[in-house]
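# Descriptive analysis of the structure
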Amino acid sequence: QFQLAVPVAVVFVPGAVPEDLPKPLPFRDLREMEIPVNQRTSVTSRYKMVYRSTTAQEEAALAAATAQEADTALHLLQDTLLGSLTMYVVPETSSLLPQGITVYVGKHRSALVRAGRDLAALHARLQQVTQVMSFTSNSIAAAFVDRVPDGQLGLDARRHLKSSLGYEITFSLLNPDPKSHAVDWDIEDAVNRYVQPVLDKLSLVANFSVDSQILYYAVLGVTPRFDKESSSFLLSAHSLPHVINPVEARLGSSAASLYPVLNFLLYVPERSHSPLYIQDKDGAPVRTNAFHSPRWGGIMVYNVEAPASPEVSLPLHVDVDMVRVMEVFLAQLRLLFGLSREELPPEFLLERPGNEGLADWELDRLLWAHTVENIATVSTTLTSLAQLLDKIGNIVIKDDVASEVYRAVASAQSAMAELAEGHLHSAFQASKDAVTSSERAFFDPSLLHLLYFPDDQKFAIYIPLFLPMAVPILISLTKIVREARQRKKEPTKMD
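Residues numbered from 1 in each chain as written. Predicted model: local features only at pLDDT ≥ 70, side-chain atom pairs only at ≥ 80, totals over all residues. Heavy atoms only, no water.

The line we're drawing: UniProt positions are given in the numbering used here, feature names are shortened, and annotations may be inferred rather than shown by experiment.
Going by the annotation in an unreviewed UniProt entry, the name recorded for the chain is PIGS transamidase, with Upupa epops given as the source organism. Recorded in UniProt under Pathway (unreviewed entry), the annotation for the chain is "Glycolipid biosynthesis; glycosylphosphatidylinositol-anchor biosynthesis."

### Quick look at a nonpolar patch on the surface
The criterion, for reference: Patch construction takes residues with relative accessible area above 30% that form no salt bridge. Like charges are linked within 9 Å, and nonpolar side chains (Val, Leu, Ile, Met, Phe, Trp, Tyr) are linked within 5 Å. Using the Shrake-Rupley algorithm and a 1.4 Å probe, accessible areas are obtained, with residue cover drawn only from the displayed protein chains. A pairing counts as a salt bridge when a side-chain nitrogen of Lys or Arg comes within 4 Å of a carboxyl oxygen of Asp or Glu. Only DSSP runs of H or I covering at least 4 residues are called helices, and only runs of E covering at least 2 are called strands; the numbering of each starts at the N terminus. Throughout this description, buried means an accessible area under 20% of the type-specific maximum (1.4 Å probe, protein chains only), exposed means over 50%, and partly exposed covers the range between.
Together, F459, I463, L467, V471 and I475 line one region of the surface with nonpolar side chains, adding up to about 510 Å² of accessible area. Take I463: it is sitting in helix α12 (residues 455-489). Classification of I463 as partly exposed rests on a relative accessible area of 47%.

### Some thoughts on the packing of aromatic side chains
The cut-off we apply is this: In summary, the pairing rule links any two rings of Phe, Tyr or Trp, Trp by its six-membered ring, whose centres are within 6.5 Å, and it sorts them by plane angle into stacked for under 30 degrees, edge-to-face for over 60 and tilted for everything else.
By the definition in use, this model includes 12 aromatic pairs. Centroid distance F442 to F443: 5.1 Å. Interplanar angle 80°. Geometry classified as edge-to-face. Exposure remark for F442: the relative accessible area of 25% places this residue in the partly exposed category. Taken together, the ring pairs connect F12, F27 and Y51 into an aromatic cluster.

### Looking at the pairing of strand β16 (residues 316-319)
Operational definition: For two strands to be treated as a pair, DSSP must find no fewer than two bridges joining them.
Alternating residues of β16 divide into L316 and V318, all buried, and H317 and D319, none buried. When strand β8 (residues 181-184) meets β16, the two strands line up parallel, connected through 4 bridges. Each residue of the ladder has a partner; that of A182, found in β16, is H317.

### Some remarks on empty space enclosed by the protein
How we decide: Think of a 1 Å grid over the protein atoms and nothing else: a 1.4 Å probe that fits but is trapped marks a cavity, an open set flanked by protein within 12 Å on at least five of seven lines marks a pocket, and residues with an atom within 4 Å of a point count as lining. Grid points are joined across faces, edges and corners, and a volume is the space filled by probe spheres set on the points. Following the grouping adopted for this structure description, the nonpolar residues are Ala, Val, Leu, Ile, Met, Phe, Trp, Tyr, Cys and Pro, the charged ones are Asp, Glu, Lys and Arg, and the polar ones are all others, Gly among them. Domain delimitation follows an automatic or database domain assignment.
For the structure shown, the criterion picks out 2 cavities of 30 Å³ or more. Taken as a whole, the largest cavity spans an internal volume of roughly 100 Å³. V132, T136, G338, L339, S340, R341, E342, L344, L350, W361, E362 and R365 together form the lining of the largest cavity. Looking at the lining of the largest cavity element by element, the count peaks at 3 residues for helix α8 (residues 360-391). Of the residues that constitute the lining of the largest cavity, the class distribution is 5 nonpolar, 3 polar and 4 charged. Counting contributing residues, the lining of the largest cavity receives three or more from each of domain 1 (2-143 + 345-350) and domain 3 (360-447). By volume, the second largest cavity amounts to about 50 Å³. Together, S163, S164, L165, V205, N374, F428, K432 and V435 line the second largest cavity.

Written out as structure tokens, the structure is:
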């Protein structure tokens, strides 16, 4: 039974305090909401609300000209506790928010909310904002994706990567026609400039390693269709799933990897199939000319402009525009981590995260989901281990295996307790420790050889060895018994 506590501070600007407040400021309130998962698991979200007035420093920060400037100034005054939120309630007539905007969500852990007509309208807005910035029923249900029936979850829930202690990211340049195209891409500079800030922000979630490669004569494996009207080649949506398998055989990155591998492929079409465009299900061209595969990665087609003169010398030198490429790959990376922004009302304004790739509250949202998923994974792993040990009666469990099981259970219970208190960072760390201990116990080498060597296999191995020796022994024993019986039947001679 999960309890997820979110500390929320509701700060009223002078002139924005509703008249129907139940108590004078400051005061506390607790709001709960039940999130159904399945018959055995339920999640209770508890919002620990603290209502208070602004301080002098906060009033000075809120006197900024724009909401962006106010958000930057308020960030220096806020509590940096992971998972905590601060809602600043401004008057309905405030010019800080643009016209027609009632909620502004910044890059950090705060939002600006118009007061509304009364307390009920304000509570409705606050509840919607807190769910956007922490977790929703869909994001929590997606963490239990293996335990929820298929019909209850959308396609997006199964698109996200499963929680892991680490991820490997591979950028690959596919040049199927090196005789025609000499492709040059500055992948190292692009990773340092665009990808590394995102990974630095995500370093709290997991460890990341990045590598790159160039593959020559690597084709997609699907022959595109030529369109006479546009004089171009087209890849339809139904043929995209058949593109990945032939390419993946050439990548070779996931063969020796302990962690999930994210593949981002930049494909430069061969000259005979240029230009190449991807079509969606409706037959319209995809604006980014790219597509992504859930829990695998993404592929972008990079067309090269045909030379103006047919007599130009080959191979044609191509400099890849890494800004355009990295925009697509980073968007796909956000989708794979479940950071796609949900459909919001038009009166909501979300600030762009900038070079870091994700806002602070988006990182918290990821940590909420991964913490719950880690605890569910530990539960599944230990349950499977217990069922396995029940089936193998003669198994010997060493002390180190038992200690790992105890440590996993204690860490999972600690993570549950920290979640109930609203301590997101310590809960996530405890859930990672629980996953590590449970995996060590489940895959301990002392258990594996008994797992693959049960009793029926022992009989199959030892009977052919002992049966040839047992046959003459049994014959001899039978002969001895027969002779003993005959001696008993013979009369004893008396002198």
